[in-house]
Amino acid sequence: MSESISKKTERIYDVFIAGGGVNGTGVARDAAGRGYTVCLCEMNDFASGTSSNSTKLIHGGLRYLEYYKFRLVQESLKEREVLLKMAPHIIWPMRFILPHSKGMRPAWLLRLGLALYDHLGFRKILPGTSHVKLNNSEFGLPLKSNFKFGYEYSDCWVDDSRLVILNAIDASSKGANIQNYCKVINVEKSNSLWSITTKDSIDGRENVIKAKCFVNASGPWVDNVLQDSFSKKNSNHVRLVRGSHIVVKKIFNHDRSYICQNEDGRIFFIIPYEDKFTLIGTTDIDHDQSVNEVEISEKEKKYICDSANTYLNAEIKLKDIVWSYSGVRPLYDDGASMAQEATRDYVIKTSREDSALMINIFGGKITTYRRLSESILEHIEEFLGKRGNLWTEKSSLPGGDIAVDGQIDLNNKLHMKYPFLTEETIKRLARSYGTLSFEIFSDSNSIESLGKNFGSGLYEKEVKYLIIKEWSRTSDDILFRRSKLGLSFSKEEIKRLDQYLDDFFKTKKSNSNNNKLTSNIAETA
Ligand code: FAD
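A quick note: this is a predicted structure, and the numbers were derived from the prediction, not measured.

Rules used in this analysis
- Residues numbered from 1 in each chain as written.
- Predicted model: local features only at pLDDT ≥ 70, side-chain atom pairs only at ≥ 80, totals over all residues.
- Heavy atoms only, no water.
- Helix = DSSP H or I, 4+ residues; strand = E, 2+ residues; numbered from the N terminus.
- Buried < 20%, exposed > 50% of the residue type's maximum accessible area, 1.4 Å probe, protein only.
- Contact = heavy atoms within 4.5 Å.
- Lys, Arg positive; Asp, Glu negative; His and termini not counted.
- Charge placed at Lys NZ, Arg CZ, Asp CG, Glu CD.
- Salt bridge = Lys/Arg side-chain N within 4 Å of Asp/Glu carboxyl O.
- Axes fitted to C-alpha atoms, helices over the stretch in contact; angles between N-to-C directions.
- Parallel < 35°, antiparallel > 145°, perpendicular 65-115°, else oblique.
- Left-handed = near helix turned anticlockwise from the far one by under 90°.
- Patch = residues over 30% accessible without salt bridge, like charges linked within 9 Å, V, L, I, M, F, W, Y side chains within 5 Å.
- Areas by Shrake-Rupley, 256 points an atom, 1.4 Å probe, with all protein chains shown as cover.
- Phe/Tyr/Trp six-rings, centres within 6.5 Å; stacked < 30°, edge-to-face > 60°.
- 1 Å grid on protein atoms, 1.4 Å probe; cavity = no way out; pocket = protein on both sides within 12 Å on 5 of 7 lines; lining within 4 Å.
- Points joined across faces, edges and corners; volume = space filled by probe spheres on them.
- Nonpolar A, V, L, I, M, F, W, Y, C, P; charged D, E, K, R; others polar.
- Near = heavy atom within 4 Å.
- Polar contact = N/O pair within 3.5 Å; in protein donor to acceptor, adjacent residues only side chain to side chain.

Trainee: So what exactly am I meant to see when it comes to the overall build of the chain here?
Mentor: Across its full length, the chain carries 13 helices and 20 strands. With respect to the three principal axes, the spread of C-alpha positions in the chain is 85 × 60 × 45 Å. Burial statistics for the chain: of 525 residues in total, 57% are counted as buried. When contacts within the chain are restricted to residue pairs at least 6 apart in sequence, long-range pairs at least 24 apart make up 71% of them. In the chain, 73 side chains carry a positive charge and 68 a negative one; their mean positions are 2 Å apart.

This is how it looks when you write it as structure tokens:
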């Protein structure tokens, strides 16, 4: 795990990154792997911003073809199989059904779009588009009877917040100093270096870190960092567009997702989620409130329910919503009049001030984070000199060293080694940690050896791993970003986990105070 920043105030890093979303951790991993010294600070938890609140698709974005975004769509389509091979435990192929009926985009246009989508991305693993009959088929069963046929195409699904944490873990294993709950509050230039003041969000301690390059990967906060930490008061580069999703109890049994067109022309998805649920979204509206207050409105909830109800036989009511989440897209402001028309492409802006390099990232998608990181590294290499080669395309993320279709094999191996775990827990572990599961549970040989039981298959052994190796501090970190166990946890169970974490960190603090005391006594003696 990374060393404490406070002990390293004199160290000069090659690269400092503000923001621990998918882009920040992706840049940290790539840079550390090429041999640069890297420090990353995230003000809350990793992925607590947009990167845990997405639709969770590794996709080209079928609808972006309508806006002629061929570069973005092609880059994204190519990335699907690269990312799938890098992390087949947290990314997997998903088939999408596009049901058709009168009044929608014409069938010939959809066929043309899908043919392009099939060919732009040089598919080798994912199957191509096919025609699908919906009447008298299990895929048509959940839909209203006016949907008689449709098309089926491929994209991928990703556990977005775990993608972030795996990048952070890998960056750390390559020497990067990675910190969550640590906010960048001020940046100044001194002797051609950035002098960055950070504040620990938990104990309020401030530190100063020096670096040659500053990467502003703070997503929707990119202008806030420029305004507040760099005193660049006129920074207004991003347009914040809110997207919300609702989660309801599972409404169909098959594994296909639906891509649907709303009456206003907008696209939304209905996706099988976490085995027992269905995810529906998203909205796309300008976010006028503070970037720190991002919440689904009642109007959005109703909009999503109404949209789903134009397709589904089962009527979704507001009271059926078991969970919801919202995120804001930090879209580079290209002056588009409607939120859904604004560019989803990323924009990188660099400036050199007194021999110090500053890089700002605007916009982007989860799907393109690896390519974005490579582009950022081009600027860093140009500035600091080349240290290593392009390397991430053929690399595995931690735990992802299995075949693309290796899930069942991994489940079987886990079951053989840990027969006392339920099938549900084995599946969850394989999907979250891949081959790392063997490290986490090592030689555990009974359910008792896993320690305290927090519920839904979460035991002390895993919680300790999440604290020590994955920087978890709160129950939210564990239940909603390292996993989605929060969907099954009762209030009572959450309270017990909170209490455990409280005790754990109190003991840790008192032990470290005692150690300081002992070393002071030793020094005096
Ligand atoms: P973030 O994840 O927001 O990370 C920025 C981080 O910076 C935050 O964690 C924040 O706490 C931190 N930070 C801010 N200020 C400071 C500071 N002063 N000091 C330290 N840290 C700071 N993309 C896809 O590819 N597929 C999809 O299906 C998809 N669906 C989406 C659906 C929705 C509703 C939304 C909103 C976006 C979707 N996206 C999708 C886009 C994707 O989620 C984002 O582009 C991506 O997550 C942005 O990552 P990021 O690292 O730039 O920002």
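Now, onward.
Trainee: In this structure, what is going on with the environment of Ile-209? I would like to understand it.
Mentor: Along the chain, Ile-209 turns up in strand S10 (residues 206-216). Residues Ile-209 and Ser-195 lie 14 residues apart in sequence; the distance between their C-alpha atoms is 5.8 Å.

Trainee: Which parts of the structure should I look at to understand the pattern of salt bridges?
Mentor: Any two side chains of opposite charge can pair, given that their charged atoms come close. Inspection of every chain in the model, using the stated rule, returns 38 salt bridges. In this structure, Arg-34 engages Glu-381 in a salt bridge whose closest nitrogen and oxygen atoms are separated by 3.0 Å. With a gap of 347 residues between them, Arg-34 in the loop between helix H1 (22-33) and strand S2 (38-41) and Glu-381 in helix H7 (residues 369-384) connect regions that are remote in the sequence. Using a relative accessible area of 4% as the deciding quantity, one classes Arg-34 as buried.

Trainee: Just checking my understanding: could you explain the packing of H1 against H7 for this structure?
Mentor: When two helices pack together, their arrangement is captured by the angle between the axes and the distance separating the axes. Across the interface, H1 lies against H7 with an axial gap of 8 Å and an inter-helix angle of 55 degrees. Regarding the angle of H1 to H7, the classification is oblique. Judged by the twist between their axes, the crossing of H1 over H7 is right-handed. Here Val-22, Asn-23, Gly-26, Val-27, Asp-30 and Ala-31 of H1 come into contact with H7, specifically with Tyr-369, Leu-372, Ser-373, Glu-374, Ile-376 and Leu-377.

Trainee: Which parts of the structure should I look at to understand a nonpolar patch on the surface?
Mentor: Residues Tyr-68, Phe-70 and Leu-116 make up a contiguous nonpolar surface patch of about 330 Å² in total accessible area. Tracing the chain through its elements places Phe-70 in helix H2 (residues 70-86).

Trainee: I'm lost on the packing of aromatic side chains in this one. Help?
Mentor: To describe a pair of aromatic rings, one takes the distance between the centres and the angle between the planes. Tallied over the entire structure, the rule returns 23 aromatic pairs. Their ring planes at 70 degrees and their centres at 5.2 Å tell us that Phe-46 and Trp-471 sit as a pair that is edge-to-face. On the criterion of sequence distance, the pair formed by Phe-46 in the loop between S2 and strand S3 (57-58) and Trp-471 in the loop between helix H11 (460-468) and helix H12 (475-481) is long-range, its members being 425 residues apart. Of the two residues, Phe-46 and Trp-471, neither departs from the other in class, the shared state being buried. Linked through ring pairs, Phe-16, Trp-194, Phe-214 and Phe-230 together constitute an aromatic cluster.

Trainee: When you look at empty space enclosed by the protein in this model, what are you seeing that I'm missing?
Mentor: Any space left empty among the atoms is revealed by the rolling of a water-sized probe across them. Per the stated rule, a full pass over the model turns up 2 cavities of 30 Å³ or more. Together, Asn-262, Arg-266, Phe-268, Thr-282, Thr-283, Tyr-303, Ile-304 and Ser-307 line the second largest cavity. Residue composition of the lining of the second largest cavity, grouped by class: 3 nonpolar, 4 polar and 1 charged.

Trainee: Got a minute to help me understand the site of the ligand in this structure?
Mentor: Around the ligand, 38 residues are found, and the nearest of them are Glu-42, Ser-51, Leu-57, Gly-364 and Thr-367. At a separation of 3.0 Å, a nitrogen atom of the ligand approaches a polar backbone atom of Thr-55. Interatomic distance of 2.7 Å between a side-chain N/O atom of Thr-367 and an oxygen atom of the ligand. Counting only elements with at least two residues in the shell around the ligand, the list comes to H1, strand S8 (182-190), strand S11 (238-249) and strand S16 (321-332). Its residues assigned to classes, the shell around the ligand comprises 12 nonpolar, 21 polar and 5 charged.

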